[in-house]
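Observations on chain architecture
For reference, the chains in residue letters:
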Amino acid sequence: MYDLLLRHCRLLQTDQTIAEVDIAVEQGKISAIAPHLPGNAKITLDIHKHLVSPPFVESHLHLDSALTAGEPRWNQSGTLFEGIEIWRERKQNLSLEDVKQRAIATLKQQATQGVLFVRSHVDVSEASLTALQALLEIREAVKSWITLQIVAFPQDGFYGSSQTEILVEKALDLGADVVGGIPHYELTREDGVNSVHQIFALAQKYDRLIDIHCDEIDDEQSRFLEVVAACAIRSGLGSRVSASHTTAFGSYNNAYATKLMGFLQRTQINFIANPLINITLQGRTDTYPKRRGITRVKELWQQGLNVSFGHDCVQDPWYSFGRGNMLDVAFMGLHVCQMTGIAEIDACYDMITRNGAKTLNVEAEYGVEIGKPANLIVLDAKDRYDAICRRSTVCYVIAQGKLLARTEAPRPHWYGTAVC
Ligand code: 17E
Ligand code: FE2
């Protein structure tokens, strides 16, 4: 007797082919997958040939600032830098309860829409480390249904104050999973370069992953990605390193970009693009033509580098919109990056699922395969293209073998007259 049996699934398998199968779950794990499984289960669901997929992976989010749009004021210029200033005001009156309540609301919203793995940056620029404490508690409180990774992120700069470097290290001591940074926002280029070296040293000392906000600016002279690449090559940390945003890469001249691409291929580092946010924040100093302000997603993907898409913001000082839906992210990503060929559309789906799992280093527990934890979602869709095209409803979310959320797909009733 199975704990849970899903009948008539269209399963997106690890090799990306789709198979019509039944899926059985026992003790939180996937115990059988076959075209027709005999036997009974405590709970049986008829999936009606809907798409069954591994869950969405949110590889880049800021949970500490989520759901604060308009507090204390609206971002009028729409720039990254005004966002940082507004957040600096807002974060002066954070409490544990305030952060926890907004973070949990955001995680529930995401999980309901099929996200079961999240990497969140948390600002560690304030001496109290309130936001970090809140997210450490939340990571523990949600672990039976969502895997949360926390990045120690010094929003005001690694050298933003004389204390910040120490605060980043303290955050790692307290249990942050990932070391973060923001080299393009340091006072000088030299500070930016030094911060990257320091981030790698801390990652090695504490045995943590690295995820750097890198070159999130339209300045074609912002070249910290090459520093990250050099450190990754020399340290051998490679796949444990992520470069987030890298929007300046979209503005580099092709001669430099081509050389850099060759170096990047030697690194195995992961790239995270945030299309909803960067199409909105970047290009603000341009008149016309106005840049798209996104990294070279298509070319990185064509070169075989691992790229994922993140949401980045849910209603915060940088971006007042966002409902935590990863299909919205993929939809914007394929527009902004012009990835409209069918293989490219499928790749954009991979960027919100398995590529993100690779970035988070959770591949061992990710994927709908026998023996793995039963984390999966059922979409009101036939395939990856259909899911993105219609931003399909995630009808069932199964987390660690248990039904976590159910949403009915909208079924409009037509009362107009028939046309023919
Ligand atoms: N902070 C930052 O430096 N960049 C961003 N895109 C957000 C916060 C959302
Ligand atoms: Fe970010």
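Refer to the structure printed above.
The following paragraphs examine the structure supplied in this document. Within any chain, residue numbers begin from 1 and follow the written order of that chain's sequence. The naming scheme follows written order: chains are lettered A onward, ligands numbered 1 onward. Residue-level local features of this predicted model are given only where pLDDT is at least 70; pairs of side-chain atoms are given and counted only at 80 or more, and the full residue set underlies all totals for whole chains, interfaces and linings. By convention in this description, side-chain values take in all heavy atoms of the structure and omit both hydrogens and water.

1. Details of the nonpolar core
By size, the foremost hydrophobic cluster in this structure holds 112 residues, and its most contacted members are Phe-56, Phe-200, Leu-264, Tyr-349 and Leu-379. Where helices and strands are cited, they refer to DSSP runs of H or I of at least four residues and of E of at least two residues respectively, numbered from the N terminus. Broken down by element, the residue count for this core peaks at 7 residues, all from helix α5 (residues 189-206). Among buried residues, the Ala, Val, Leu, Ile, Met, Phe, Trp, Tyr and Cys ones that are joined through side-chain atoms within 4.5 Å form a nonpolar core. For every residue, the accessible area (1.4 Å probe, protein chains only) is compared with the maximum for its type, and the residue is labelled buried under 20%, exposed over 50%, or partly exposed between those bounds. In this structure, Val-21, Ile-23, Ile-30 and Cys-395 belong to the second largest nonpolar core, which totals 19 residues.

2. Focus on unusual backbone geometry
With an omega of -5°, the peptide bond running from Glu-71 to Pro-72 counts as cis. Residues Tyr-288 and Pro-289 are joined by a peptide bond in cis, for which omega reads 0°. Positionally, Pro-289 belongs in the loop between α8 (275-281) and α9 (297-302). In this structure, Gln-338 is a non-glycine residue whose phi angle is positive, near 55°. Along the chain, Gln-338 falls in the loop between α10 (326-336) and α11 (342-350). Taking the relative accessible area as the measure of exposure, Gln-338 reaches 46% and is therefore partly exposed. A positive phi angle, close to 50°, is found at Gln-400, a residue other than glycine. When you line up the elements, Gln-400 lands in the loop between β15 (394-399) and β16 (402-406). Overall, Gln-400 belongs to the partly exposed group, its relative accessible area being 30%.

3. So, the pattern of salt bridges
Put simply, a salt bridge is a Lys or Arg side-chain nitrogen that is within 4 Å of an Asp or Glu carboxyl oxygen. Within the structure shown, the criterion is met by 31 salt bridges. Of the charged contacts in the structure, one is a salt bridge between Arg-73 and Glu-82, with a shortest N-O distance of 3.4 Å. Glu-97 is the partner of Lys-100 in a salt bridge, and the nearest nitrogen-oxygen pair spans 3.7 Å. Of the two residues, Lys-100 and Glu-97 both sit in helix α2 (residues 96-112), 3 residues apart, roughly one turn of that helix. When its relative accessible area of 53% is taken as the criterion, Glu-97 is described as exposed.

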